[in-house]
Amino acid sequence: QVQLVESGGGLVQAGGALRLSCAASGIMFSIFTMGWFRRAPGKERELVATIASSGRTNYADFVKGRFTIFRDNAKELVFLQMNNLKPEDTAVYYCNINMGGSIWQSDWGQGTQVTVSS
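Residues numbered from 1 in each chain as written. Predicted model: local features only at pLDDT ≥ 70, side-chain atom pairs only at ≥ 80, totals over all residues. Heavy atoms only, no water.

Caption draft 1: Expanded view of the overall build of the chain. From N to C terminus, the chain includes zero helices and eleven strands. Element order for the chain, N to C, with α for helix and β for strand: β-β-β-β-β-β-β-β-β-β-β. Expressed along its principal axes, the backbone C-alpha trace of the chain runs to roughly 40 × 25 × 25 Å. For the chain, the residues scored as buried account for 45% of the 118 residues in total. Relative to all contacts within the chain whose residues are 6 or more apart in sequence, the contacts with residues 24 or more apart total 54%. Accessible surface, the chain: about 6200 Å² in total, of which carbon and sulfur atoms supply 48%. (Helix = DSSP H or I, 4+ residues; strand = E, 2+ residues; numbered from the N terminus. Buried < 20%, exposed > 50% of the residue type's maximum accessible area, 1.4 Å probe, protein only. Contact = heavy atoms within 4.5 Å. Areas by Shrake-Rupley, 256 points an atom, 1.4 Å probe, with all protein chains shown as cover.)

Caption draft 2: Quick peek at the pairing of strand E7 (residues 67-72). What you see with E7 is a clean split: Phe67, Ile69 and Arg71 sit on the buried side and Thr68, Phe70 and Asp72 on the side with no burial. Pairing of E7 with strand E8 (residues 77-82), which is carried by six bridges, proceeds in the antiparallel orientation. If you follow Ile69 over to E8, its bridge partner there is Leu80. Here E7 hands over to E8 after four residues, with Glu76 in that stretch at a positive phi of 55°. (Pairing = 2+ DSSP bridges.)

Caption draft 3: The pattern of salt bridges, seen in detail. Tallied over the full model, the rule gives four salt bridges. Between Asp89 and Arg38 there is a salt bridge, with its nearest N and O atoms 2.9 Å apart. In this pair, Asp89 sits in the loop between E8 and strand E9 (91-100) while Arg38 sits in strand E4 (residues 34-39), placing the two residues 51 residues apart along the sequence. Assessed through its relative accessible area of 1%, Asp89 is described here as buried. A salt bridge links Arg66 to Asp89, with the shortest nitrogen-to-oxygen separation between them at 2.7 Å. Of this pair, Arg66 sits in the loop between strand E6 (57-59) and E7 while Asp89 is found in the loop between E8 and E9, placing the two residues 23 residues apart along the sequence. Pair check on accessibility: Arg66 and Asp89 agree, each one buried. (Salt bridge = Lys/Arg side-chain N within 4 Å of Asp/Glu carboxyl O.)

Caption draft 4: Highlighting the nonpolar core. Counting 29 residues, the largest nonpolar core has Trp36, Val78, Leu80, Met82 and Tyr93 as its most contacted members. At the level of secondary structure, the elements contributing two or more residues to this core comprise strand E3 (18-25), E4, strand E5 (46-51), E7, E8, E9 and strand E11 (112-117). Residues contacting Met82, with those up to four places away along its chain left out, are Gly16, Ala17, Leu18, Leu20, Arg66, Phe67, Tyr93 and Val114. (Core = buried A, V, L, I, M, F, W, Y, C linked by side-chain atoms within 4.5 Å.)

Caption draft 5: Inspection of the sheet that holds strand E1 (residues 3-7) at higher detail. Judged by pairing direction, the sheet is antiparallel, and its four strands sit side by side in the order E1-E3-E8-E7 without closing on themselves. Since the sheet does not close on itself, it has two edges, and those belong to E1 and E7, each with one partner. Taking each pair of neighbouring strands and ignoring which way they run, the sheet shows an average axis angle of 15°. Strand direction decides the pairing type here: E3 and E8, joined by six bridges, are antiparallel. Its bridge partner lying in E8, Leu18 is registered against Met82. (Axes fitted to C-alpha atoms, helices over the stretch in contact; angles between N-to-C directions.)

Caption draft 6: A look at the environment of Gln110. In this fold, Gln110 is placed in the loop between strand E10 (103-104) and E11. In this structure Gln110 comes out as exposed when scored by relative accessible area, which is 70%. Between the alpha carbons of Gln110 and Trp36 there is a distance of 13 Å; along the sequence they are 74 residues apart. Residues in contact with Gln110, not counting those within four places in the same chain, are Glu6, Val92 and Tyr94.

Next comes the structure, spelled out in structure tokens:
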């Protein structure tokens, strides 16, 4: 059974930084592309960043230059380093496993809340 557990969120002032962690279990972690998503109040969930098994990364335009996704395959962890946070980054952040193309694993974790004050 796949399990995703996010952590590391919190309250931070604008311009601050946080590092989110995601522990994934129940899969052969190293072979999958992993992604971070977020859902802000009243908005749809959106993709923030992805990291392939090769280490290749992709970022949404709204976080480029500020966020970095990286992974530790040995520990089955994926991270999101968030710098220069803005109030509009306030959201619940989730990680997930890409099953191919635009398909993501269906059992989402509970996410971790990030709140950025102005």
